[in-house]
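# Structural characterization, general
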Amino acid sequence: MENVVGDRVLIAVQAVNISRLSTHPVPTVPGTLIVVAGAGPKDSNGAGKSSFIASITALLGDEQWRFASGAKAVSELLFNAELASGAGARQWASADHGYIVGVFGPPGTDSFAPPPAPAPAEPVASADLTLTDEGEEDSGELFEVPDTSGGAITVWLKVNQEAPHLEIRWREGVHLAASPSEAERVARADEIWASLPRSAGKRDVVARDLTKVLYGDRVRCVSFLSTSVRSKVATNLLSQPLNEISPERVFEAIAALTGLDAELEQEREARRDEHAKRVRAAQAADRLAEFEVESKALLGTFDRRDQARVRLAEALRCWRGRQARKLADAAAKDELLAADLDRHRAASESAAEEIALVKAEIATLREDTFDRQVSQARKELAALQARGTKLDADRAVAENSADELRAAIPALEETRRFADGRDVPAAEGELRQAGLRLNEALKALGVADQEVSSARAALDDAEGGPAAAQLDALSAAGVGATGLLDALDVAEQARDAALPGAGLRGWPHEHAVIVDAARLGEAARALAELPGSVLVSAAGVSVVGAFDGVATGREARIKAAGQRLNRAEDAQENAAAVVREAEEAVAEAQRRLEGARAGVRLAELEARLAERRDRLVGLNAAIEELAPKVAEAERQAGALDFRARTRDMEIERLDGRRQRHESERAQAREQEAKVTAERESLRLEALAADWGGTVETAREWIAALPEEERPRAAEEWWRVAERHFDQALRDTFPEEDAEIPEELAFLLSERGGSTAREQATFAAVCGALASYLRGQEEYEKHQRRQIEAQVVSRQRDLAAAARGAEEAAQSTAVHRAALTAAIRARLTRVAEEFEKLDTSYGGYGATLEFPVPPAPADPEQRWQWRVTPKWRRGEGQGFVPYNRRANTALMDEKAVKLVCAAAIASSGGGHLCLVLDELGRNLGKEHRREAVALFRRIGETYGITVIGALQDDMEPYAIDACGQYVKLRRSSDAMPYNEPPVIVGHDQHAERVRALAAYVDRGQPVEQPV
């Protein structure tokens, strides 16, 4: 059964337990632009627009849901209580299944009469009914339609949380769940599903057969969906400026719209199959190579064991050679050691005789009389040298002291001249008298200084006087005035005594000033800054009238105070001159005293200098007398020292000779003991026993060897034997964890630790290994025959796998060539439709450029094509690539036309539904209305149903330009489901929408908004 829907078009859709969508059926008008808006709690978000259009794409078999893989992503559309209402998640349960129901009717009908409403007394509780033009409920038709299309059909998609995620059933006529409430419609949907016949006999059609069974593999829907409902989102040519989309993403968008995705996936599957067969061929080759490697390793093991047998025999022969060489070498070495022993004994006796002779000579030279003479001469020389050193030191001290005394004399003589013949007592008396006169002069100067200070204070008091501040302020203002107290003429000698008694001191008398009565106001203004000033006038507080002159008492006081200050300053100057003279007299008396004291000191120095000169004369005489004695003592001590050094050198030479002879004797004795020990360590008897014969037979065996082996030493024989044995052991057991026979393993463990233990167990371990190799020889022959048979079989398998890989490669090449032609044809058709749409709707022509890319080497990588849209910007101009700078309106217009061209090319002449999420999201405000209107015109012209979900900002532009308007509503986050949708049909579609709405809502007692 294929193409159940046929040429019918979708005229109504109902969602049950799909996201938060209301279960109210939604009529759709085919062949025009249907816009889906939303009204959520805050804005259009949260109303379920994306889920609504996604459910339509699943119903129409959009291949982007990957139906061949089970369409698991569709189950994500089921109602989720936690996502639908955060707080309500505790009250509502998530749905484990839901339904997407679609009513498909015949195309080409433009007007419909609404069905008769049910009688109020007999409400219809079920929408599982059909309606004929006479109102009967048994024909399965929604409204009167021509009979050529077979009438309406209802398709039910059951969406399951668990696999199978999609199950499909259908029935002729209209079968929708209609009841007064959401819960009843959900329950009614389960009942209707149970009543529908199974679509595939005993089972239902599932996701992988949906498109084939319902639509006959015809493309009925292409879409651009958002990430909120799809895990894989194709590039939306309308979601961003066209010139910001790369050519690869442009091809992906066109492939999604034209159904090339499936063909590209088939090409990738072919490459995967080719790759898998190549992998199988490679695996067969690997298995053969691995077996050859394993068998080669096993054969190599067998070969190594054969070689081990040869090497083991060679190891035993070398071990025999080692024993012969050791015995022959030990005998030869014993003969040499016997000769060395005789030579060392003779050398020891000769060295002992020489030692005795040297000791006698040394004893003769070491007699003690000469040593005593040398010691006495050295003592006498040391005593004379010590005496001479002391005399030199005393002379140096005396010379230094005399030099210091002579250096101090000139300064004392210079100072002595200031005494002027006076002695020290006379000079001290003059200094005391001068000091007394200086003290008297200083006292007189102090009295004069005090008088000057007093006179200067009196002058300052006379010049300032009472009311000085007031007088200064009035003088600055140009007002003539005088102090009240200054106007009173009091005798100088009676002023201080009279004023306190008269009560004139203090405020207000001292601050009172007398001014002219005519300038009294001006004076008051001048003294405004001096609170407490008193202006005296004729009335008592102020004197009215002008003064004939200024009182003169103040000038008299100032003059008297000035004369007193002059007299005090003259007396001060005279007193200062007397002080200076007294100070000079004191300084002169001090110099005379120092000169007198210098004369006394000079006499003392001259006496001490004479004493030092006498001391130097005596010391020089003693030094001259001692010098010959020291020289003679040095001569005698030098001669004796020379003789002593000569004797010591001879004794030292003889002692070295003695030591050398003693060393020779000790060395000879040591060598004698060593040779004796070496002879004992040769163990000739034990070596002869190991060889099993005498020294002569061992030498004869060695002489019979080949010339290259004859000079080989015993250690070399051992190394060769050990090397052959180790190689034989490795050839027998090449792996470290190989299983070794217990006896052999024990002997090998006993060999470790030292070379001596290895040599002691060598014969036994060789015997154990030889026994094991003899036991394995027959088994290895059988294994060689089995390996040869296996290699022949695996070579046949490899040849078959290689033929399969080659055939897959040829098939992939053929499929790729056919797919290339199909893609080019599909893109060429898109380019042609792009050209038609552009020239039909205001453009100058457009095309697509799509070079054929090489197929990727990686089987998992998608075959990436590049599509570059181009268009003309003027009549007769060349094509310009889309990524050149252009105005926004032009980009938006070309994007809309390209999407529609791809949709038209994919329809194959049948009806197509183009579903767009976020319609016009990237369009500028000034171009949105034109772009939406262009969608509608193209859809109605070419019979394409364009369903677009939009945001709030697009709604004003789309509501007037669309053919049908659907608004999904949800007013609160606390509501898990939407409210009934608002549906508006424009122009000639209004009657059809009302007819559809009246029918699908006939089971509800409450009228729904239309």
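Structural data are supplied above this passage.
Every value quoted in this text rests on a predicted model; they were computed, and no experiment measured them.

### Thoughts on the sheet that holds strand 2 (residues 26–27)
Pairing is antiparallel across the open sheet formed by 6 strands, whose spatial order is 2-1-4-5-6-7. Sheet topology places strand 2 and strand 7 (205–206) at the edges, where each strand pairs with a single neighbour. Bridging between strand 4 (residues 97–105) and strand 5 (residues 153–160) involves 8 bridges; their strand directions are antiparallel. Residue pairing for strand 5: His97 is matched across the bridge by Asn160. Across the sheet, helix 1 (residues 49–59) is in contact with strand 1 (9–16), strand 2, strand 4 and strand 5; its angle to strand 4 comes to roughly 70°. The strands that helix 3 (residues 182–195) touches are strand 1, strand 4, strand 5 and strand 6 (166–172); relative to strand 6, the one it contacts most, it runs at about 80°.

### Considerations on the pairing of strand 3 (residues 33–39)
Counting buried residues in strand 3 gives 6 out of 7 residues, a clear majority hidden from the surface. Relative to strand 16 (residues 944–949), strand 3 runs parallel, the two being bridged by 4 bridges. In the sheet register, Ile34 faces strand 16, and the bridge partner there is Ile947. One ladder, built from 6 bridges, connects strand 3 with strand 17 (residues 964–969); its direction is parallel. Across the sheet, the residue bridging to Ala37 is Lys967, located in strand 17.

### Describing the sheet that holds strand 12 (residues 846–849)
The 3 strands lie next to each other as 12-13-14, forming an open sheet whose pairing is antiparallel. Edge positions in the open sheet fall to strand 12 and strand 14 (879–881), since each of these has one partner strand only. On average, each strand axis in the sheet is tilted by 35° relative to the strand beside it, whichever way the strands run. Bridge count between strand 13 (residues 868–872) and strand 14: 3 bridges; the pairing is antiparallel. Note that in strand 14 the partner of Lys870 across the bridge is Pro881. Relative to strand 12, helix 18 (residues 762–840) is tilted by about 160°, and along the sheet it contacts strand 12 and strand 13.

### A few points about the packing of helix 15 (residues 714–732) against helix 18
Taken N-terminus to C-terminus, the directions of helix 15 and helix 18 make an angle of 30°; their axes are 11 Å apart at the nearest point. Put simply, helix 15 runs roughly parallel to helix 18. The crossing of helix 15 and helix 18 is left-handed. On the side of helix 15, the interface is formed by Trp718, Ala721, Glu722, Phe725, Ala728, Leu729 and Thr732, while helix 18 contributes Phe762, Val765, Cys766, Leu769, Tyr772 and Leu773. Classifying every residue of the contact of helix 15 with helix 18 by side-chain character gives 11 nonpolar, 1 polar and 1 charged.

Conventions used here
Residues numbered from 1 in each chain as written. Predicted model: local features only at pLDDT ≥ 70, side-chain atom pairs only at ≥ 80, totals over all residues. Heavy atoms only, no water. Pairing = 2+ DSSP bridges. Helix = DSSP H or I, 4+ residues; strand = E, 2+ residues; numbered from the N terminus. Contact = heavy atoms within 4.5 Å. Axes fitted to C-alpha atoms, helices over the stretch in contact; angles between N-to-C directions. Buried < 20%, exposed > 50% of the residue type's maximum accessible area, 1.4 Å probe, protein only. Parallel < 35°, antiparallel > 145°, perpendicular 65-115°, else oblique. Left-handed = near helix turned anticlockwise from the far one by under 90°. Nonpolar A, V, L, I, M, F, W, Y, C, P; charged D, E, K, R; others polar.

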